[in-house]
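As a plain string of letters, each chain reads:
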Amino acid sequence: MSSRHLAAAMLAALGLAGCAHEQAANSAYAWAYLNEPGEGPKLAYGRPSSDEVLLMLACPAPGGPVEVSASGLEGGTIGLASRDRTSHLAARPAESGGTGTILMASATPRDPALGNFRRTGDLAIVNAGQRHSIAAKADERRRVKAFFEACGA
């Protein structure tokens, strides 16, 4: 299974639903870092101990592209911003298993917004002309750094 299909299947299995702006503003959400053998590192923003994931970054191969998956967004791009750095990633819809819209895009670990996210922990989703903060809290920043280190960035 390709990393794109794996990410789509994983997000679909997590039961994604709802609007990005509603989820991004929810203080009950957090960043989680996963690095299971054979799957590569993943960094997900969602509700802990639940199936709700808003944004997932996956690095199937060290030094390779970062696969970005997002739920509940409108349009054909995944917009990410970190302070003064903004990236608009061309995205394609993925099969979601009926759980809502999932967009998939590819970026490099050195993408302007992702590179700044790695350094600062600051990240926002830009969609429909609005910016929704999903910044890593102080205790989550080590998870962000661990993800990018495991990606070989």
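The structure this text deals with has already been given above.
Residue positions are given per chain, counted from 1 along the sequence in the order it is written. Per-residue local features of the predicted model are confined to residues with pLDDT of at least 70, and side-chain atom pairs are confined, for both listing and counting, to 80 or more; whole-chain, interface and lining totals are unaffected and use all residues. Side-chain figures throughout are based on the complete set of non-hydrogen atoms in the structure, without hydrogens or water.

Asker: Is there a simple way to think about the pattern of salt bridges in this case?
Answerer: Where charged atoms from two side chains of opposite charge approach closely, those side chains can pair. The salt bridge definition used is simple: a Lys or Arg side-chain nitrogen within 4 Å of an Asp or Glu carboxyl oxygen. Within this structure, the stated rule accounts for five salt bridges. In this structure, Lys-42 and Glu-39 form a salt bridge, with 3.1 Å as the shortest nitrogen-oxygen distance. Between Glu-52 and Arg-47 there is a salt bridge whose closest N-O contact spans 3.2 Å.

Asker: Looking at this structure, how should I read the environment of Arg-83?
Answerer: In this text, helices come from DSSP runs of H or I with a minimum length of four residues, and strands from runs of E with a minimum of two, each type numbered from the N-terminal end. Within the fold, Arg-83 resides in the loop between strand S5 (77-82) and strand S6 (85-94). Burial classification: accessible surface area is computed with a 1.4 Å probe over protein chains only, and a residue below 20% of its type maximum counts as buried, one above 50% as exposed, and the rest as partly exposed. In this structure Arg-83 comes out as exposed when scored by relative accessible area, which is 52%. Spatially, the C-alpha atom of Arg-83 lies 8.5 Å from that of Ala-124, the residues being 41 residues apart in sequence. Not counting the four nearest positions on each side in its chain, Arg-83 is found in contact with Asn-116, Thr-120, Asp-122 and Arg-131. Whether two residues are in contact is decided by their heavy atoms: any pair within 4.5 Å suffices.

Asker: In this structure, what is going on with the sheet that holds S6? I would like to understand it.
Answerer: Pairing between the strands of a sheet comes from backbone hydrogen bonds, and it takes one of two forms, parallel or antiparallel. Taken together, nine strands build an open sheet; the order of strands is S1-S2-S3-S4-S7-S6-S5-S8-S9 and the sheet is antiparallel. Of all strands in the sheet, those bounded by a partner on one side alone are strand S1 (30-36) and strand S9 (130-133). If you compare each strand with its neighbour and ignore which way they point, the axes differ by 25 degrees on average. Alignment of strand S8 (residues 124-127) against S9, held across four bridges, turns out to be antiparallel. When the bridges of S9 are listed, Ala-124 appears paired with Ser-133. The sheet strands contacting helix H3 (residues 112-120) are S1, strand S2 (40-46), strand S3 (53-58), strand S4 (66-71), S5, S6 and strand S7 (102-107), and the helix crosses S5 at an angle near 40 degrees. Angles shown run from 0 to 180 degrees and are taken between the N-to-C directions of axes, each axis being a line fitted to C-alpha atoms and, for helices, limited to the stretch in contact. Along the sheet, helix H4 (residues 141-150) contacts S1, S2, S3 and S4; its crossing angle with S1, the most-contacted strand, is approximately 35 degrees. DSSP bridges decide pairing: two strands pair if at least two such bridges lie between them.

Asker: Before we go on, may I ask you to explain the state of the cysteines in this structure?
Answerer: Working definition: a disulfide is two cysteine sulfur atoms within 2.5 Å of each other. One pass over the full model with this rule turns up one disulfide. Cys-59 shares a disulfide with Cys-151; S-S distance 2.5 Å. Linking Cys-59 in the loop between S3 and S4 with Cys-151 in the segment after H4, this pair joins segments that are 92 residues apart in sequence. Both residues of the pair, Cys-59 and Cys-151, belong to the buried class.

Asker: How do you make sense of H4 when you look at a structure like this?
Answerer: What sets the pattern is the α-helix's 3.6 residues per turn: residues three or four places apart point alike. Turning to H4, its buried residues are Val-144, Phe-147 and Phe-148. All buried residues of H4 lie within an arc of 90 degrees about the axis, which places them on one face of the element. Every exposed residue of H4 that faces more than 90 degrees away from the buried side is listed here: Arg-142 and Glu-149. Taken together, the buried residues of H4 touch S1, S2, S3, S4 and H3. In the stretch just after H4, Gly-152 is the one whose phi turns positive, near 85 degrees. Working note: the arc is built from the helix axis to C-beta atom directions.

Asker: Sorry if this is basic, but what is going on with the side chain of Asn-127 here?
Answerer: With respect to the helices and strands, Asn-127 occurs in strand S8. Exposure remark for Asn-127: the relative accessible area of 11% places this residue in the buried category. The residues contacting Asn-127, other than those within four sequence positions of it, are Leu-73, Glu-74 and His-132.

Asker: Is there a simple way to think about H3 in this case?
Answerer: Taken together, the buried positions of H3 are Ala-113, Leu-114, Gly-115, Asn-116, Phe-117 and Thr-120. What qualifies as a polar contact is a pair of N or O atoms within 3.5 Å, subject to a donor-acceptor requirement within protein and to the restriction that residues adjacent in sequence count only when both atoms come from side chains. Of the residues flanking the start of H3, the one acting as N-cap is Asp-111, its side-chain oxygen 3.2 Å from the backbone nitrogen of Ala-113. Positioned one or two residues after H3, Gly-121 has a phi angle of 80 degrees, which is positive.

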